[in-house]
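Tertiary structure, described
If you want the building blocks of each chain, they are given just below.
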Amino acid sequence: MGVMMKIVRAGLLATVSGVSLLVMAAPGAHAAGMPQLDFHNPLVTGQVIWGAVIFLGFYLVLSQIMLPRVGRVLEDRSKRISGDLDVARSAKQDADKAVAELQQARKDAMAEAQANLQKTLDAEQRAADQKLAEINARLSAEIADAEKRIAAEKAQAFGTLKEIAADTTQALVSRLTGVTPDAQLVAQKVDGAIAHQNI
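So, how was this worked out
- Residues numbered from 1 in each chain as written.
- Predicted model: local features only at pLDDT ≥ 70, side-chain atom pairs only at ≥ 80, totals over all residues.
- Heavy atoms only, no water.
- Helix = DSSP H or I, 4+ residues; strand = E, 2+ residues; numbered from the N terminus.
- Buried < 20%, exposed > 50% of the residue type's maximum accessible area, 1.4 Å probe, protein only.
- Contact = heavy atoms within 4.5 Å.
- Areas by Shrake-Rupley, 256 points an atom, 1.4 Å probe, with all protein chains shown as cover.
- UniProt positions renumbered as here; feature names shortened; annotations may be inferred.
- Salt bridge = Lys/Arg side-chain N within 4 Å of Asp/Glu carboxyl O.
- Patch = residues over 30% accessible without salt bridge, like charges linked within 9 Å, V, L, I, M, F, W, Y side chains within 5 Å.

1. Structural notes on the overall build of the protein
A count of helices and strands for the protein gives three helices and zero strands. N-terminal to C-terminal, the α/β element order of the protein is α-α-α. Within the protein, buried positions represent 7% of all 199 residues. Pairs at least 24 apart in sequence give 48% of the contacts found in the protein among residues at least 6 apart. As displayed, the protein has an accessible area near 16,000 Å², and 64% of this comes from carbon and sulfur atoms.

As structure tokens, then:
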């Protein structure tokens, strides 16, 4: 506002000084054929004076009424723009802060989810290992029991087999030779043959 008023004042003062110089110019300073410079004519002098009065009126109206209004408008606009920029800066800072908080919350949530997932996986692995150990122990016990039963049945089968082999051998020898062999001797020979065959 101050710069604008200075420019307008300088322009008006230059105009007024130019008009006053023309008024005070020497009578021979006018050119022939240019009646607007003939200051001996009372109409020209009146026009110059009225021009100066009108310029002075314009100057007073501009400097006292118009320019202060324009200055206030410019100042209000500058304040409004400055306030809007401050609000925008504040909003940007709030948005940046909210984005940073959101990113941090996202990182925290991901870390917590990863930790919970790892805990769950570890718990499931422990439960699976425990069940596997229980199944292995039960299977080992069942296998041991089955091996015992098989060994007992095998021993029983071998006992029965020895008896059958001894009886068969005795019957064959009796039939072939007509003599009944000694049962104890036949049992020894059958045991020897079985041991020899690694049955």
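What follows continues from the structure just given.
2. A short note on the UniProt feature "transmembrane region" (unreviewed entry) in the protein
According to UniProt, the "transmembrane region" (unreviewed entry) feature falls on residues 47-67. A helix fraction of 100% and a strand fraction of 0% characterise residues 47-67, whose end C-alpha atoms lie 27 Å from each other.

3. Side note on the pattern of salt bridges
What the rule picks out here adds up to five salt bridges. Put simply, Asp 96 and Lys 92 hold a salt bridge, and the shortest N to O gap is 3.0 Å. Of this pair, Asp 96 and Lys 92 both sit in helix H2 (residues 42-177), four residues apart, which is roughly one turn of that helix. The exposure class of Asp 96 is partly exposed, given its relative accessible area of 42%.

4. Some words on a nonpolar patch on the surface
A cluster of nonpolar residues, Ile 49, Trp 50, Val 53, Ile 54, Phe 55, Phe 58, Val 61, Leu 62, Ile 65 and Met 66, forms a patch on the protein surface that exposes about 920 Å² of accessible area. With respect to the helices, strands and loops of the structure, Ile 54 is situated in helix H2. Here Ile 54 falls in the partly exposed class, since its relative accessible area comes to 45%.

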